[in-house]
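# Residue-level structure breakdown
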Amino acid sequence: MSGLAIDNISMRFDLPNGGHVQALQDVTLDIKEGEIMSVLGPSGCGKTTLLNIVAGFLAPTGGETRVNGHKVEGPDAERGMVFQQGALFEWMSVRDNVSFGPRMAGKRKSDYMGNVDHFLDIVGLQDFKEKMVYELSGGMQQRVALARCLANDPDVILMDEPLGALDALTREKMQSLVLKLWKETGKTIILITHSIDEALLLGERVLVMAPRPGRIHKEYRLPFAEMGVGADLREVKEHPDYAPTREEILGMIWDMEEEIMGRTEGEG
Amino acid sequence: MTTVNLLCTFERLGETQTELRATPVPEGQIVGETFTPAEGCEVATGWEVFSYQFGTLGSELATETQNVLVSAISGIPYILGYILLIVIFMFVWRAIKSFLTPKRDFTSLKTVTFGDESAVRSETAASILSVIVIFIIWGTFTGSSLIPSFLHLPGPFKGEASFTYTALAPDGTTDDAEVFVTVLDAGEEAAEVEIDPGDGFAKNDQVAVTIYRSEIVTWDRNDDVSRRDDAARIVAINGQPVDFDYNAEDEDGNLLQTPPSFDLDFARVAITNRGTINVVPDQGWQMQPLYLPAPEVVWNRFIEIAKYGYQNVYLTVHLGFSLFRVVVGFLLGAIIGIPLGYAMGLSNWFRGWFDPIVEFMRPVPPLALIPLVIIWFGIGEVGKIFLLFLAALWIMAIAARAGVSGVRITKVHAAYSLGASKWQILRHVIIPNSLPEIFTGARVAMGVCWGTVVAAELVAAEEGIGKMITTASKFQSTDIILLGVIIIGIVGFGIDMLMRWGERYLVPWKGKA
Ligand SMILES: Nc1ncnc2c1ncn2[C@@H]1O[C@H](COP(=O)(O)OP(=O)(O)OP(=O)(O)O)[C@@H](O)[C@H]1O
Ligand SMILES: [Mg+2]
């Protein structure tokens, strides 16, 4: 079976002062192959922790994750990551960054170079292949990160606020790009974001998480991602269902944030 | 054999003084039982020992502080003068510049420049001027021929001059005679000239003095009267009367009058307490060549040593040995230190094992190890290279450790997710990522090594730039010492420039991540 199964995962961090943080509690999720899911939630609700567990950087204190039918034990090329920023290798050219995965796997240059060039073309960096990473703008660097991830041909792509550091305009363009890549490659994608619009536009499924302990609060299935492929995202926002869904989720997260604030004030 | 601290009280020059004395206890005696301290002494308690030591230390340090403060304060006018010079040059330069090209670049449009770090650049004109000023000051104080003579400070008096003295004979008569003074350059021989002795009982004298020296004139040597037999004495110099009788003493042998001295236009002339005349030619304001040779002297020395060597060793050999030691020591330190740093950055066990060693050795300056290294290895190359190896080792290890610790975890995670193995991550992520840190470490290490090698050579070496300086100091060849210092500075600067250039070339991404 391919796809991703998150089965009853719990994560508890023991703190040096003797206390502990229950970052995740009994999270269960099934993601089918080729699905794109966005994750929303107030700060500190365990989104990054969940992603790190799926990526294999963290071992959960309870439960397990299964990808393509086997248990996740550590990081692997089948699960690619796109970080917010700072994950590119500055000492390599754009092309060397993008071909990093295949090179590490020991593939022959003739076998991977076509692929690398193809993805660089798709993300619009055909003229910057020989440039060093530090010569690119922030948006271009994120496109390199996307291309690098895709050129390694993973089954699942995990993104932790990949567009968080970009300006609004670049961000919109990148959102279209992500949708396009999703459709073209048919990858399974989990995308964490703080932007409700981004979550609605990019997520076939939108997961809203709640904090303390981190858990799934509500899940939506939305048509906007499918609509957005190859279309103007601003038009998608005109859809009659869009604004009410947005309001609902916004209110939900507001309430959670308020509760957190109230609780901290009450404690302090 | 045991030792005991005795606190002794005694009288000296009418004052009661206390002193702590460490005294051996004689064989077979036991302190507190059979041991009796010397007269006026008693065995000191622990507290007395402690307070005495800190009391002496305190008073010594107080005196030293006073000395330092006095020296520092006496330097303040010079510092202020120098600052004034800098500021004057600055205003002059600004005036010239604004007059010539009123430039309008981005920085010149900024209204807030004071406190805006990015608006402060190193002004090239100021750098050039500061170097020129150093050479001018140097030339001014040494009477250098490289700068026009109106910039020279007054030099020492050279050439011929004379003054007259008036001698008093026992019968009460006086007579004038002239003293011809020739002030010679160092090493110059006085020309033999017959002088006219003149008339009267006092005869003319002649004396040759080397610059920066003084000479006693035994004026009565050729006179008809003498100091010893006739108690003849001088009663005037250049017509100015002197009232000084060197024979008038009290019963303790102390003079009743202070010996007088005269400031003539070319020299200071003083009558000694034996009645002779001491001639001190005017020394001017310049530095003696022994203290500070002129720039062109140093330059000529440089040419000479470069061509013919110093004490049968060529300059290239001196320099070559010093550089050889630095390069070999540094390379060995880097070869061991970088892997050590990586190991410390990647493994808990290695970090735990080496942390105490590195943290202990880091603050120990390599110079402090020179005596030990000489005892262990002698003064051969092995010892010096070992010293430089140690100097470079800790710096490189710490730099490599910092380089590994400085890798962003997202890069490592990204590499793992792209399927890299541990070895590939070390090779393609951790090592390149640590290169900027390693280069910074290498620059520091090279600087430290260069400083250490010179110091080590000062202490023990057959050749090397430091050895050249030590040898020169034995012969008081200040020009060579100065030359050595300048070469050390230039080579050190050159090494740093080379490292910076290498850094720009090899790690162009530094500071841009
Ligand atoms: N290594 C750790 N040690 C202890 N506590 C941790 C650790 N990592 C995360 N936590 C805690 O777990 C909780 C979830 O953290 P996480 O980073 O997953 O939140 P997040 O949802 O990604 O937040 P944000 O939206 O701000 O990125 C937080 O309360 C955090 O303090
Ligand atoms: Mg996060």
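### Examining the pairing of strand E12 (residues 277–281) of chain B
The side chains of a regular strand alternate, first on one face of the sheet and then on the other. Residue and element names in this part refer to chain B. Counting buried residues in E12 gives 5 out of 5 residues, a clear majority hidden from the surface. Residues Ile277, Val279 and Pro281 line one face of E12 and the alternating positions Asn278 and Val280 line the opposite face, and both faces are buried. Connecting strand E11 (residues 267–271) to the next strand, E12, in antiparallel fashion are 5 residues, including Gly275 with a positive phi near 90 degrees.

### Side note on the interface of chain B and chain A
The partner chain A presents 23 residues to the 20 residues of chain B that form the contact. Interface of chain B and chain A: buried area, both sides summed, is about 2,000 Å²; carbon and sulfur atoms make up 69% of it. The largest contributions to the chain B side of the interface with chain A come from B:Ser417, B:Leu418 and B:Trp509, which together make up 33% of the buried area. Across the contact surface, chain B and chain A share 1 salt bridge. Across the pair B:Lys411 and A:Glu90 runs a salt bridge whose closest N-O atoms are separated by 2.7 Å. Our enumeration of links across chain B and chain A arrives at 5 residue pairs in polar contact (both at pLDDT 80 or more). When residues in the side of chain B that touches chain A are grouped by element, the largest group, 7 residues, is from helix H10 (residues 409–417) of chain B. Of the residues that constitute the side of chain B that touches chain A, the class distribution is 10 nonpolar, 7 polar and 3 charged.

### Quick notes on a negative patch on the surface
Residues and elements named next belong to chain B. Together, Glu249, Asp250, Glu251 and Asp252 make up a negatively charged patch on the protein surface. Here Asp252 is to be found in the loop between strand E9 (240–241) and strand E10 (261–263). Classification of Asp252 as exposed rests on a relative accessible area of 64%.

### Some words on helix H6 (residues 168–185) of chain A
Taking 1.5 Å of rise per residue, 18 residues should cover 26 Å, and H6(A) covers 26 Å from first to last C-alpha, within 8% of that figure. The first or second residue beyond H6(A) is A:Gly186, which carries a positive phi of 65 degrees.

### Description of the sheet that holds strand E1 (residues 3–12) of chain B
Residues and elements named next belong to chain B. Taken in spatial order, the 3 strands line up as E2-E1-E3 in an open sheet, and their pairing is antiparallel. For this open sheet the edge positions go to strand E2 (15–24) and strand E3 (41–43), each flanked by a neighbour on one side alone. Direction aside, the axes of adjacent strands within the sheet are offset by 25 degrees on average. Direction of pairing for E1 relative to E3: antiparallel, over a ladder of 3 bridges. Bridge pairing in E3 links Leu6 to Val43. Packing of helix H1 (residues 46–100) onto the sheet brings it into contact with E1, E2 and E3, and relative to E2 it is tilted by some 115 degrees.

### As for the packing of helix H6 (residues 315–346) of chain B against helix H11 (residues 422–459) of chain B
Residues and elements named next belong to chain B. Where H6 meets H11, the closest approach of the two axes is 8 Å, and the angle between their N-to-C directions is 145 degrees. The interaxial crossing formed by H6 with H11 has right-handed handedness. On H11, the residues that touch Leu319, Ser322, Leu323, Arg325, Val326, Phe330, Ile338, Tyr342 and Leu346 of H6 are Leu426, Ile430, Ile431, Ser434, Ile438, Ala442, Ala445, Met446, Cys449, Trp450, Val453 and Glu457. Its residues assigned to classes, the contact of H6 with H11 comprises 17 nonpolar, 2 polar and 2 charged.

### Regarding the nonpolar core
Ranked by size, the top nonpolar core spans 55 residues in total, and within it A:Val98, A:Leu146, A:Met159, A:Leu200, A:Val206 and A:Ile249 carry the most contacts. Looking at this core, the element that brings in the most residues is helix H5 (residues 138–151) of chain A, giving 8 residues. Excluding its chain neighbours within four sequence positions, the residues that come into contact with A:Leu146 are A:Val82, A:Met159, A:Met174, A:Leu177, A:Val178 and A:Leu181. In this structure, B:Ile305, B:Tyr310, B:Trp450 and B:Ile465 belong to the second largest nonpolar core, which totals 52 residues.

### Remarks on the domain arrangement of chain B
Assigned domains of chain B: these are domain 1 (3–72), domain 2 (159–281) and domain 3 (296–506). In this structure, domain 1 of chain B and domain 3 of chain B have C-alpha centres spaced 46 Å apart.

### Things to note about the site of ligand 1
All names here are of chain A. The immediate surroundings of ligand 1 are formed by 13 residues, with Ser43, Lys47, Thr48, Thr49 and His194 found nearest. Take Gly46: an N or O atom from its main chain is 3.0 Å from an oxygen atom of ligand 1. Side-chain polar atom of Lys47 to an oxygen atom of ligand 1: 2.7 Å apart, as the coordinates give it. Protein contacts shield 61% of the accessible area of ligand 1, which totals 640 Å² for the unbound molecule. Among the secondary structure elements, those contributing two or more residues to the shell around ligand 1 are strand E2 (20–31) and helix H1 (47–55). When the residues that make up the shell around ligand 1 are grouped by side-chain class, the tally is 5 nonpolar, 6 polar and 2 charged.

### Re the pattern of salt bridges
A complete count under the given rule lists 34 salt bridges over all chains for this structure. Between A:Asp232 and A:Arg234 there is a salt bridge, with its nearest N and O atoms 3.6 Å apart. Across the pair B:Glu359 and B:Arg362 runs a salt bridge, and its minimum N-O distance is 2.9 Å. You can call B:Glu359 partly exposed: its relative accessible area is 33%.

### Considerations on the pairing of E2(A)
Taken together, the 8 bridges between strand E1 (residues 4–14) of chain A and E2(A) define a ladder with antiparallel strand orientation. Note that in E2(A) the partner of A:Ile9 across the bridge is A:Val27.

Thresholds applied
Residues numbered from 1 in each chain as written. Chains lettered and ligands numbered in written order. Predicted model: local features only at pLDDT ≥ 70, side-chain atom pairs only at ≥ 80, totals over all residues. Heavy atoms only, no water. Buried < 20%, exposed > 50% of the residue type's maximum accessible area, 1.4 Å probe, protein only. Helix = DSSP H or I, 4+ residues; strand = E, 2+ residues; numbered from the N terminus. Pairing = 2+ DSSP bridges. Contact = heavy atoms within 4.5 Å. Buried area = accessible area lost by both parts, 1.4 Å probe. Salt bridge = Lys/Arg side-chain N within 4 Å of Asp/Glu carboxyl O. Polar contact = N/O pair within 3.5 Å; in protein donor to acceptor, adjacent residues only side chain to side chain. Nonpolar A, V, L, I, M, F, W, Y, C, P; charged D, E, K, R; others polar. Patch = residues over 30% accessible without salt bridge, like charges linked within 9 Å, V, L, I, M, F, W, Y side chains within 5 Å. Areas by Shrake-Rupley, 256 points an atom, 1.4 Å probe, with all protein chains shown as cover. Lys, Arg positive; Asp, Glu negative; His and termini not counted. Charge placed at Lys NZ, Arg CZ, Asp CG, Glu CD. Expected span 1.5 Å × (residues − 1). Axes fitted to C-alpha atoms, helices over the stretch in contact; angles between N-to-C directions. Left-handed = near helix turned anticlockwise from the far one by under 90°. Core = buried A, V, L, I, M, F, W, Y, C linked by side-chain atoms within 4.5 Å. Domains from an automatic or database assignment. Near = heavy atom within 4 Å.

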